[in-house]
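# Structural features, examined
As a plain string of letters, each chain reads:
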Amino acid sequence: AQSVTQPDIHITVSEGASLELRCNYSYGATPYLFWYVQSPGQGLQLLLKYFSGDTLVQGIKGFEAEFKRSQSSFNLRKPSVHWSDAAEYFCAVGGSAGGTSYGKLTFGQGTILTVHP
Amino acid sequence: DAGVTQSPTHLIKTRGQQVTLRCSPKSGHDTVSWYQQALGQGPQFIFQYYEEEERQRGNFPDRFSGHQFPNYSSELNVNALLLGDSALYLCASSWGLAGESSYNEQFFGPGTRLTVL
């Protein structure tokens, strides 16, 4: 069964500082990996995704993530955080095409990001 | 281009009652997935509908049922409501179940906040 672990429930950074949010996944084959952001009272917005190929993927709002198969990780990074980045961030894994869990996203518990001015 | 829409925005029910939530997919999408997001948790996959049939189901009891209409809109029904059913219910839409080499992105609606008293 696929699973996702986000070890950090809450992270606080200062505006302008760098950010790294951790994500570890468990999946039997090559996973499809995603990072979503959720602002209070809002739905989920996709930041970036990894399907195959280059292990460093670029997303919207200046975010990037690196897929490391050996560590089963897909950490999200941003070099300089803005106050508007304060939100909750979710890592998710999706089943590969042809698999029994295709089309189903499994999410981590989320990391709440607080940004201090 | 309208995104995924959900109704109602908020709903309050009492234990034992039944509830119906509605979702209209993004234009051009034909697949709808439903997720339950309890407070402080990541979304959990309930089920997915494609071509008016349930294609995938998560670990939810039979009290949770759904339907997809010919115009691709969908309903989520929950019978015999429990206090633990209080959550944000998210609908996501995508195009098709995809082929062997692609994964169609799921776009999320803003959700319906269900409170069971």
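Quick look at the structure, then. Computed from a prediction, not measured in an experiment: that's the story for all the values here. Along every chain, residues carry numbers that run from 1 in the direction the sequence is written. Written order determines the labels here, with chains lettered from A and ligands numbered from 1. pLDDT decides what is reported in this predicted model: residues at 70 or higher carry local features, side-chain atom pairs at 80 or more are listed and counted, and totals for whole chains, interfaces and linings draw on all residues regardless. Derived side-chain values reflect all non-hydrogen atoms in the structure, with water molecules and hydrogen atoms excluded from consideration.

### Re the nonpolar core
Residues and elements named next belong to chain A. Working definition of a nonpolar core: buried Ala, Val, Leu, Ile, Met, Phe, Trp, Tyr and Cys residues. They are joined through side-chain atoms within 4.5 Å. Think of it in three bands: residues with accessible area under 20% of the maximum for their type are buried, residues over 50% are exposed, and the middle band is partly exposed, with areas taken using a 1.4 Å probe on protein chains only. Formed by 27 residues in total, the largest nonpolar core has its most connected members in Leu19, Trp35, Leu47, Leu48, Phe74, Leu76 and Tyr89. Strands here are runs of E lasting at least two residues and helices are runs of H or I lasting at least four, both read from the DSSP assignment and numbered beginning at the N terminus. The set of elements that each furnish at least two residues to this core consists of strand E2 (10-14), strand E3 (19-21), strand E5 (32-38), strand E6 (44-50), strand E8 (64-68), strand E9 (73-78), strand E10 (87-94) and strand E12 (111-116). With four residues, the single largest contributor to this core is E10. Beyond its immediate chain neighbours, meaning those up to four positions away, Leu48 contacts Leu33, Phe34, Trp35, Val57, Gln58, Gly59, Phe63, Glu64, Ala65, Phe74 and Leu76. The contact criterion used throughout is that any non-hydrogen atoms of two residues lie within 4.5 Å.

### Let's talk about the pattern of salt bridges
Each salt bridge in this description consists of a side-chain nitrogen of Lys or Arg and a carboxyl oxygen of Asp or Glu lying within 4 Å of one another. For the coordinates displayed, the defined rule picks out eight salt bridges over all chains. Put simply, A:Glu66 and A:Arg77 hold a salt bridge, and the shortest N to O gap is 3.2 Å. Of this pair, A:Glu66 sits in strand E8 while A:Arg77 sits in strand E9, and the two are 11 residues apart along the sequence. Note on A:Glu66: relative accessible area 23%, which makes it partly exposed. Of the charged contacts in the structure, one is a salt bridge between B:Arg57 and B:Glu54, with a shortest N-O distance of 3.0 Å. The class of B:Arg57 is partly exposed, set by a relative accessible area of 28%. Here the salt bridges do not stand alone but share partners, grouping A:Glu64, A:Glu66 and A:Arg77 into one network.

### Quick word on the pairing of strand E8 (residues 74-78) of chain B
Residue and element names in this part refer to chain B. Summarising burial for E8: five of the five residues are buried, a large majority. Burial along E8 is two-sided: the face carrying Ser74, Leu76 and Val78 and the face carrying Glu75 and Asn77 are both buried. Here, a strand pair is defined by DSSP locating no fewer than two bridges between the strands. Where strand E3 (residues 19-24) and E8 come together, five bridges link them in antiparallel fashion. Bridging across to E8, Leu21 finds its partner in Leu76. Turn length for the strand E7 (residues 64-68)-E8 hairpin, with the two strands adjacent in sequence and antiparallel, is five residues, and the turn residue Tyr72 shows positive phi of about 80 degrees.

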